[in-house]
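Here is how the chains run, residue by residue.
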Amino acid sequence: MNQRSLSTFLADFVSLFYPNLCLGCEGLLPKGSDYLCPKCHYNLPKTHTHKLEVPQFREKFDGVIELAHVLVYAHFFKKGLIQKVLHHLKYGNQPGIGEMIGRRYGGELFEDGFAGAFDVIVPVPLHPKRLKERGYNQSEHFGLGLSRSLSLSMNLDTLIKVKHVDSQTRRSKLSRIKNVEGVFEVLDKDNLRDQRVLLVDDLLTTGSTLVACLEVLQQCEPRSLSIATIGGAK
Ligand SMILES: [Zn+2]
């Protein structure tokens, strides 16, 4: 076990007994704060892509798929706050983190004129095997928070993952794209017809997973497609 995984392991172990510590600074959480203290919330490296587009995120989809909105809550940096948060969300059995961030982000979107911008939220699905191992889909919980703040419904039974693929993180860009071919399917093409669909995921890196989902969602002939993620890496 290397130093990093040992410290992550210890942090996870400690959080079993002291669940009221901030995921960012590991200080005691004040009453009423969930997962992050007010200071760490304030220090989140937000992108504000809903106010001003960040070209590095949008250009991952240029020439590939047309998107109405590319919404990224915060910048993902190695060893940064969002990496910590996403680690706890995915591997720490803490799905509530996704909902908390979704609620906050949805609140900001609501205030900035996105209240009527979408018709339905579709989370990037997990393969049933992975869902069974983890017990929850982290993207679905992020979507749940967004759906509450924006008063949107969530569609969980149209986009499905039919092939289990191993981790994408060590693959080259081309091999990531090849790796996700045929991985997602839509069950009922009539479900999202003429809807403004917001596809949500935890992290935007190369965009290959999101593109694979968006391409199959196009079979439903939606009115428009957009994406929202918690983190975005340049
Ligand atoms: Zn903190």
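This section reports on the structure supplied with the text. Just so it is clear, the structure is predicted and the values come from calculations on it, not from any experiment.

**Points about the packing of aromatic side chains**
Phase 1: Applying the stated rule across the entire model yields 2 aromatic pairs.
Phase 2: Ring centres of Tyr73 and Tyr105 lie 4.8 Å apart, and the angle between their planes is 50°; this geometry places the pair in the tilted category. Of this pair, Tyr73 sits in strand β1 (residues 70-75) while Tyr105 sits in helix α5 (residues 96-114); the two residues are 32 residues apart in sequence, bridging distant segments of the chain.
Phase 3: Note on Tyr73: relative accessible area 2%, which makes it buried.

**A short note on the side chain of Asp201**
Phase 1: By the element assignment, Asp201 lies in strand β6 (residues 196-204).
Phase 2: Here Asp201 is buried and forms no salt bridge, its nearest opposite-charge partner Lys90 lying at an N-O distance of 7.0 Å.
Phase 3: For Asp201, the side chain forms a polar contact with the side chain of Ser139, separated by 2.8 Å.
Phase 4: Beyond its immediate stretch of four places on either side in the chain, Asp201 contacts Val124, Ser139, Phe142, Thr209, Leu210, Ala228, Thr229 and Ile230.

**Some thoughts on the coordination of the zinc ion**
Phase 1: For the zinc ion, the protein coordination sphere consists of Cys22 (SG), Cys25 (SG), Cys37 (SG) and Cys40 (SG), at 2.3 Å.
Phase 2: Mapped onto the sequence, the donors of the zinc ion take the spacing C-x2-C-x11-C-x2-C. Taken together, the residues span a long stretch of sequence, with Cys25 in the loop between α1 (3-17) and α2 (38-43) and Cys37 in the loop between α1 and α2 at a distance of 12 residues.
Phase 3: Using a relative accessible area of 9% as the deciding quantity, one classes Cys37 as buried.

**Section: the sheet that holds β1**
Phase 1: With parallel pairing, the 5 strands of this open sheet are ordered in space as β1-β7-β6-β2-β3. Sheet topology places β1 and β3 (153-154) at the edges, where each strand pairs with a single neighbour.
Phase 2: When strand β2 (residues 120-123) meets β6, the two strands line up parallel, connected through 4 bridges. Residue Pro123 lies in a different strand from β6, and its bridge partner there is Val200.
Phase 3: The strands touched by helix α4 (residues 81-91) within the sheet are β1, β6 and β7 (224-232), with β7 carrying the most contacts at an inclination of about 105°.

**As for the pattern of salt bridges**
Here the idea is simple: oppositely charged side chains can pair when their charged atoms come close.
Phase 1: Enumeration according to the criterion identifies 9 salt bridges in this entry.
Phase 2: Here Glu108 and Lys46 are joined by a salt bridge, their closest N and O atoms 2.7 Å apart. Residue Glu108 is found in helix α5, and its partner Lys46 is found in the loop between α2 and α3 (55-58); the two are separated by 62 residues along the sequence.
Phase 3: Owing to a relative accessible area of 27%, Lys46 belongs among the partly exposed residues under this scheme.
Phase 4: Note that Glu53 and Arg58 form a salt bridge whose closest N and O atoms lie 2.6 Å from each other.
Phase 5: Look at Glu53 and you get partly exposed, because its relative accessible area is 37%.
Phase 6: A relative accessible area of 19% means that Arg58 is categorised as buried.
Phase 7: Members of the salt-bridge network, linked through shared partners, are Asp190, Arg193 and Glu221.

**Let's talk about the environment of Leu203**
Phase 1: Residue position: Leu203 is located in strand β6.
Phase 2: The sequence separation of Leu203 and Ala74 amounts to 129 residues, and the corresponding C-alpha distance is 9.7 Å.
Phase 3: Non-local contacts of Leu203, meaning those with residues more than four positions away in its chain, are made with Phe76, Leu86, Thr229, Gly231 and Gly232.

**Focus on the nonpolar core**
Phase 1: The biggest cluster of nonpolar side chains holds 34 residues, and the ones touching the most others in it are Leu36, Leu71, Ile101, Phe142, Leu146 and Leu198.
Phase 2: Those elements giving two or more residues to this core turn out to be β1, α4, α5, α7 (138-150), β6 and β7.
Phase 3: By residue number, the principal contributor to this core is α5, which donates 6 residues.
Phase 4: The two domains that each donate at least three residues to this core are domain 1 (1-43) and domain 2 (46-232).

Rules of the game
- Residues numbered from 1 in each chain as written.
- Predicted model: local features only at pLDDT ≥ 70, side-chain atom pairs only at ≥ 80, totals over all residues.
- Heavy atoms only, no water.
- Phe/Tyr/Trp six-rings, centres within 6.5 Å; stacked < 30°, edge-to-face > 60°.
- Helix = DSSP H or I, 4+ residues; strand = E, 2+ residues; numbered from the N terminus.
- Buried < 20%, exposed > 50% of the residue type's maximum accessible area, 1.4 Å probe, protein only.
- Lys, Arg positive; Asp, Glu negative; His and termini not counted.
- Salt bridge = Lys/Arg side-chain N within 4 Å of Asp/Glu carboxyl O.
- Polar contact = N/O pair within 3.5 Å; in protein donor to acceptor, adjacent residues only side chain to side chain.
- Contact = heavy atoms within 4.5 Å.
- Donors = N, O, S within 2.8 Å, 3.2 Å for Na, K, Ca; no water.
- Pairing = 2+ DSSP bridges.
- Axes fitted to C-alpha atoms, helices over the stretch in contact; angles between N-to-C directions.
- Core = buried A, V, L, I, M, F, W, Y, C linked by side-chain atoms within 4.5 Å.
- Domains from an automatic or database assignment.

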